[in-house]
Amino acid sequence: FGNGEAWSECVGDWEENKNGAYFGKMREISDEVHKHGMKFGLWLEPERAVAKSEIVKTHPEYFFDNNGYSCFLDFSRDDAREYITNKTAKLVEKYNIDYFKFDFNDSITYDKSHNAFFNYHKGLEKYVSDIREKYPDIYIEGCASGGFVTNINNMRLYDSVWLSDNQSVYETVRIFKDSVKHVTPAFMEKWGAFLSAG
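Residues numbered from 1 in each chain as written. Predicted model: local features only at pLDDT ≥ 70, side-chain atom pairs only at ≥ 80, totals over all residues. Heavy atoms only, no water.

Focus on the nonpolar core
Among soluble globular proteins, nonpolar side chains are generally buried collectively. Core analysis: the largest hydrophobic core is formed by 42 residues, its most contacted members being Phe100 and Tyr127. With seven residues, the top contributor of residues to this core is helix 3 (residues 78-95). Setting aside anything within four residues of it in sequence, one finds Phe100 in contact with Leu42, Leu44, Thr88, Leu91, Val92, Ile138, Tyr139, Ile140 and Glu141. Counting residues in hydrophobic clusters, the runner-up holds six residues, among them Met155, Val161, Ile175 and Val183. (Core = buried A, V, L, I, M, F, W, Y, C linked by side-chain atoms within 4.5 Å. Buried < 20%, exposed > 50% of the residue type's maximum accessible area, 1.4 Å probe, protein only. Helix = DSSP H or I, 4+ residues; strand = E, 2+ residues; numbered from the N terminus. Contact = heavy atoms within 4.5 Å.)

Comments concerning helix 1 (residues 26-35)
Every buried residue of helix 1 is listed here: Met26, Ser30 and Val33. In a view along the axis of helix 1, the buried residues occupy a sector of 60°, so they form one face of it. Turned more than 90 degrees away from the buried face of helix 1 sit Glu28 and Lys35, all of them exposed. Considering only its buried residues, helix 1 is in contact with strand 1 (41-44) and helix 3. Note on helix 1: the residue one or two positions beyond its end, Gly37, has a positive phi of about 80°. (Arc of directions from axis to C-beta.)

Topic: the packing of helix 1 against helix 3
Two elements in contact, helix 1 and helix 3, have axes separated by 9 Å at closest approach and are oriented at 60°. Residues Met26, Arg27 and Ser30 of helix 1 touch helix 3, and the partners they reach there are Glu93, Lys94 and Tyr95. Here the contact of helix 1 with helix 3 is composed, by residue class, of two nonpolar, one polar and three charged. (Axes fitted to C-alpha atoms, helices over the stretch in contact; angles between N-to-C directions. Nonpolar A, V, L, I, M, F, W, Y, C, P; charged D, E, K, R; others polar.)

So, the side chain of Glu189
Tracing the sequence through the fold places Glu189 in the segment after helix 5 (169-179). Comment: no salt bridge for buried Glu189; closest opposite-charge side chain is Lys101, at 9.3 Å. A distance of 3.1 Å separates the side chain of Glu189 from the side chain of Tyr139, its partner in a polar contact. Of note is the side chain of Glu189, whose polar atom sits 2.5 Å from the side chain of Ser160. In contact with Glu189, not counting residues within four places along its chain, are Tyr139, Glu141, Ser160, Val161 and Trp162. (Lys, Arg positive; Asp, Glu negative; His and termini not counted. Salt bridge = Lys/Arg side-chain N within 4 Å of Asp/Glu carboxyl O. Polar contact = N/O pair within 3.5 Å; in protein donor to acceptor, adjacent residues only side chain to side chain.)

Focus on the packing of aromatic side chains
Under the defined criterion, the tally for this structure stands at 15 aromatic pairs. When the ring of Phe72 is compared with that of Phe104, the centres are 5.6 Å apart and the planes differ by 70°; the resulting orientation is edge-to-face. Of this pair, Phe72 sits in strand 4 (residues 70-73) while Phe104 sits in the loop between strand 5 (99-103) and helix 4 (118-134), and the two are 32 residues apart along the sequence. Judged by relative accessible area, Phe104 falls into the buried class, the value being 2%. Every member of this aromatic cluster is reached through a ring pair, and the members are Phe64, Phe72, Phe75, Phe100, Phe102, Phe104, Phe117, Tyr120 and Tyr127. (Phe/Tyr/Trp six-rings, centres within 6.5 Å; stacked < 30°, edge-to-face > 60°.)

Thoughts on the sheet that holds strand 1
One open sheet accounts for four strands, arranged 1-5-6-7; its pairing is parallel. For this open sheet the edge positions go to strand 1 and strand 7 (160-161), each flanked by a neighbour on one side alone. Sheet topology note: the strand 5/strand 6 (residues 139-143) ladder contains five bridges and is parallel. Considered in strand 6, the bridge of Lys101 is made with Glu141. In the packing of helix 4 onto the sheet, contacts are made with strand 1, strand 5 and strand 6, and the angle to strand 6 comes to roughly 160°. (Pairing = 2+ DSSP bridges.)

Remember that the coordinates give geometry; whether it matters functionally is a separate question.
Dropping the structure here:
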């Protein structure tokens with residue numbers, strides 16, 4: 001995504017990059033993946049946007065600022081939640097999505113509504129539930145250890161959780177060991193990347 005700019009400058013504008021990466025051919029790739037009997041998925045960070053993204057400029061009321069760069073979708077607002085639900089649904093339909101990795105690469109430090117993020121998390125739960133209701137066969141992986149929301153309560157929302165992109169053998173063991181204190185091991189995702197010998 002990102003319309004030719006660095007993806008990190010366009011977080012929140014979940015539109016396919018027509019000027020780079022797959023140059024607008026994502027649906028063709030999805031069709032090819034499905035043709036081989038595999039599932040097609042996207043990485044998405046629905047909770048975060050950057051201040052210079054188009055959605056933050058267009059609807060600043062949907063977000064609250066964290067540090068001048070990252071903004072967070074205010075899931076306690078019905079209109080903000082409906083926006084990201086509709087955007088996610090359009091991605092599912094456009095690219096025939098079977099799988100989402102919902103990531104969260106920041107930490108919210110302060111709830112300006114003074115309710116300890118209770119309403120925020122209730123809205124996040126509704127968002128994921130609404131996507132599941134609309135697309136009951138979709139697989140959703142949670143990845144939010146950086147956002148401190150990977151916990152046993154949130155296991156209800158996801159099919160699995162990805163603990164870390166750090167692939168050091170030693171760090172992976174440490175992260176797994178610390179994570180089993182608050183996440184059911186059966187939900188911990190492990191990935192494999194395979195290269196054909198042919």
